[in-house]
Amino acid sequence: MNKIGTYHDKIAQAAKLLDDGAHKATEVEQFPAGHFNLTEAYEIQRASIAHRIERGEKMVGIKLGFTSRAKMIQMGVDSLIWGLLTDQMLEEESAVVNLKRYIHPRVEPEVCFVTKKTIDDPLTALEAVDYLEAVAPAMEIIDSRYRNFKFTLEDVVADNCSSAGLVVGAWSRKFDALTNAGVRMQVNGRNVQVGSTAAILGHPLRSVVQASRLLHGANMSLPAGSLIMAGGATAAEALAPGMSVECHIGSGDTSLGSVMFHTA
Ligand code: OOG
Ligand code: MG
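Along each chain, the written sequence defines residue order, and numbers are assigned to residues from 1. Chains carry letters and ligands carry numbers; both start at the beginning, A for chains and 1 for ligands, and go up in the order they are written. Totals for whole chains, interfaces and linings use all residues, but because this is a predicted model, local features are given only for residues with pLDDT of at least 70 and pairs of side-chain atoms are given and counted only at 80 or more. Excluded from the side-chain calculations are hydrogens and water; all other atoms, namely the structure's heavy atoms, are used.

## Notes on the site of ligand 1
Here is step 1 of the chain: Note on terminology: near, applied to a residue and a molecule or strand, indicates that one of the residue's heavy atoms is within 4 Å of it. Every one of the 17 residues lining ligand 1 counts as a neighbour, but Lys63, Phe66, Glu108, Ser162 and Gly232 are closest to it.
Here is step 2 of the chain: Any pair of N or O atoms that falls within 3.5 Å is considered a polar contact. Within protein, one atom must be able to donate a hydrogen and the other to accept it, and sequence-neighbouring residues count only if both atoms are side-chain atoms. Contacts to ligand 1 include Glu140, whose side-chain N or O atom sits 3.0 Å from an oxygen atom.
Here is step 3 of the chain: Each accessible area is a Shrake-Rupley result for a 1.4 Å probe, and residues are judged covered by the shown protein chains and nothing else. When ligand 1 is considered free in solution it has 320 Å² of accessible area, and contact with the protein chains removes 100% of it.
Here is step 4 of the chain: Only runs of H or I of at least four residues qualify as helices and only runs of E of at least two qualify as strands under DSSP, and these elements are numbered from the N terminus. Elements that contribute at least two residues to the shell around ligand 1 include exactly strand 1 (59–65), helix 3 (69–75), strand 5 (106–115) and strand 6 (132–142).
Here is step 5 of the chain: At 3 residues, strand 1 tops the list of elements feeding residues into the shell around ligand 1.
Here is step 6 of the chain: The classification used treats Ala, Val, Leu, Ile, Met, Phe, Trp, Tyr, Cys and Pro as nonpolar, Asp, Glu, Lys and Arg as charged, and all other residues, Gly among them, as polar. A per-class count over the shell around ligand 1 returns 8 nonpolar, 4 polar and 5 charged.

Below is the structure:
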């Protein structure tokens, strides 16, 4: 087999393995150290998403990962990463999330934006708001396909940054409410994670700036009406059946509101 054939096989095989893991909710082994580099990891990610699209899933946006120190420390990875979101990942707000379709899910408090114009050029922080339709409190359900949720930077990128589910609360245009707002995630009424929106790159709008740069660098454009998940503000918490999970962002008049779901 020629060299190019071998290279493409490596990407295709890893993508198939990870997509199978995600599709069937089964763990996969971490790849041997150095099996692929970061550029190849993003190729594997895109090839695995192609399998989802073939099954009829629709792209709905992008997510950023490791935009906060809390997340970097929890997972031992210290570079910003990004992945793609499909409609199959959307879980209904205030409804019951069936954990059977996940492997070992965790939840983290986030902020979600929806765009109103195509993003295909790098944006500054000042420009970013012009490209956004609204913002909402959100939670991401991450579910690494790797055994014991253990991975390297390359592994997690190939695995579409552990993307698995997301729950989005009520939309508003309260972009001002995002400056150093308190973030509280509760399980069955008890605080399990507390933090601030400032933990997300200093301000969640910076995630939009980073997203625009990453998209531009990858020669991709993000259509109007797409979601951008800004990244976890705190460490993630393991999910189990019988939980009511709620996330509050801000308080009083400047509150962005809250978002919740139950597990079964
Ligand atoms: C990787 C995904 C990171 C975030 O918000 O930082 C992420 C993981 O922790 O498994 O989604
Ligand atoms: Mg996340």
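What follows picks up the thread again.
## Brief notes about the sheet that holds strand 8 (residues 182–187)
Here is step 1 of the chain: DSSP-based pairing: two strands are paired if at least 2 bridges between them are found. Across the sheet, 5 strands lie side by side as 4-13-12-8-9; this open sheet has mixed pairing. Strands with a single pairing partner mark the edges of an open sheet, and in this sheet they are strand 4 (96–97) and strand 9 (190–196).
Here is step 2 of the chain: Note that strand 8 and strand 9 share 6 bridges and pair antiparallel. The residue of strand 9 that forms the bridge with Arg184 is Val194.

## Structural notes on the environment of Gln193
Here is step 1 of the chain: Here Gln193 is to be found in strand 9.
Here is step 2 of the chain: C-alpha of Gln193 to C-alpha of Val183: the two residues are 10 residues apart in sequence and 7.9 Å apart in space.
Here is step 3 of the chain: Beyond its immediate chain neighbours, meaning those up to four positions away, Gln193 contacts Val183, Arg184, Met185, Thr234, Ala235, Ala236 and Glu237.
Here is step 4 of the chain: For Gln193, the side chain forms a polar contact with the side chain of Glu237, separated by 2.8 Å. Contact definition: two residues touch when any of their heavy atoms are within 4.5 Å.

## Considering the side chain of Ser68
Here is step 1 of the chain: Note that Ser68 resides in the loop between strand 1 and helix 3.
Here is step 2 of the chain: Three exposure classes are used, based on accessible area relative to the maximum for each residue type with a 1.4 Å probe and protein chains only: buried under 20%, partly exposed in between, and exposed over 50%. Using a relative accessible area of 1% as the deciding quantity, one classes Ser68 as buried.
Here is step 3 of the chain: Of note is the side chain of Ser68, whose polar atom sits 2.7 Å from the backbone oxygen of Gly232.
Here is step 4 of the chain: Among all residues touching Ser68, those that are not within four sequence positions of it are Ala199, Gly232 and Ala233.

## Digging into the coordination of the magnesium ion (ligand 2)
The reference angle at a metal is 109.5 degrees if four donors form a tetrahedron and 90 or 180 degrees if six donors form an octahedron.
Here is step 1 of the chain: At this site the magnesium ion (ligand 2) is bound by Glu108 (OE), Glu110 (OE) and Glu140 (OE), with donor distances of 1.9 to 2.2 Å.
Here is step 2 of the chain: Residue Glu140 is classed as buried on the basis of its relative accessible area of 1%. Atoms of type N, O and S within 2.8 Å of a metal are treated as its donors, and for Na, K and Ca the window is 3.2 Å; water is not considered, so some sites may appear to be missing partners.

## A closer look at the packing of aromatic side chains
Here is step 1 of the chain: For Phe, Tyr and Trp, where Trp contributes only its six-membered ring, two rings pair if their centres lie within 6.5 Å, and the inter-plane angle classes them as stacked under 30 degrees, edge-to-face over 60, or tilted in between. Evaluation of the coordinates by the stated rule reveals 5 aromatic pairs.
Here is step 2 of the chain: Summarising the aromatic geometry, the rings of Phe31 and Phe36 are spaced 5.1 Å apart at their centres and angled 65 degrees between planes, so their arrangement reads as edge-to-face. Comparing Phe31 with Phe36 shows no difference in burial state: the two are buried.
Here is step 3 of the chain: Each residue in the set Phe31, Phe36 and Tyr146 is aromatic and connected to the rest through ring pairs, giving one cluster.
Here is step 4 of the chain: Positioned over the ring face of Phe149 is Arg106, at 3.9 Å from the centre of the ring.
Here is step 5 of the chain: In this analysis the charged atom, NZ for Lys or CZ for Arg, is taken to sit over a ring once it is within 6 Å of the ring centre and within 35 degrees of the ring normal. The ring of Tyr131 carries Lys117 above its face, with NZ or CZ at 4.6 Å from the centroid.

## Thoughts on a negative patch on the surface
Here is step 1 of the chain: In this scheme, patches are assembled from residues that exceed 30% relative accessible area and form no salt bridge. Like charges are connected within 9 Å, while nonpolar side chains (Val, Leu, Ile, Met, Phe, Trp, Tyr) are connected within 5 Å. A carboxyl oxygen of Asp or Glu within 4 Å of a side-chain nitrogen of Lys or Arg is what we treat as a salt bridge. Under the counting rule used here, the positive set is Lys and Arg, the negative set is Asp and Glu, and His together with the chain ends is not counted. Think of each charge as sitting on NZ of Lys, CZ of Arg, CG of Asp or CD of Glu. Residues Asp120, Asp121, Glu127 and Asp130 make up a contiguous surface patch of negative charge.
Here is step 2 of the chain: Locating Glu127 in the fold gives a position in helix 4 (residues 125–128).
Here is step 3 of the chain: For Glu127, a relative accessible area of 34% translates into the label partly exposed.

## Section: the pattern of salt bridges
Here is step 1 of the chain: Taken as a whole and assessed by the stated rule, the structure comprises 12 salt bridges.
Here is step 2 of the chain: Taking the shortest distance from any N to any O, the salt bridge between Lys10 and Glu40 comes out at 3.3 Å. With Lys10 in helix 1 (residues 3–24) and Glu40 in helix 2 (residues 38–54), this pair connects stretches of sequence that are 30 residues apart.
Here is step 3 of the chain: Assessed through its relative accessible area of 22%, Lys10 is described here as partly exposed.
Here is step 4 of the chain: Residue Arg145 pairs with Asp159 through a salt bridge whose shortest N-O separation is 2.7 Å. With Arg145 in the loop between strand 6 and helix 5 (153–158) and Asp159 in the loop between helix 5 and strand 7 (163–168), the pair connects residues that are 14 residues apart, well separated along the chain.
Here is step 5 of the chain: Assessed through its relative accessible area of 2%, Asp159 is described here as buried.

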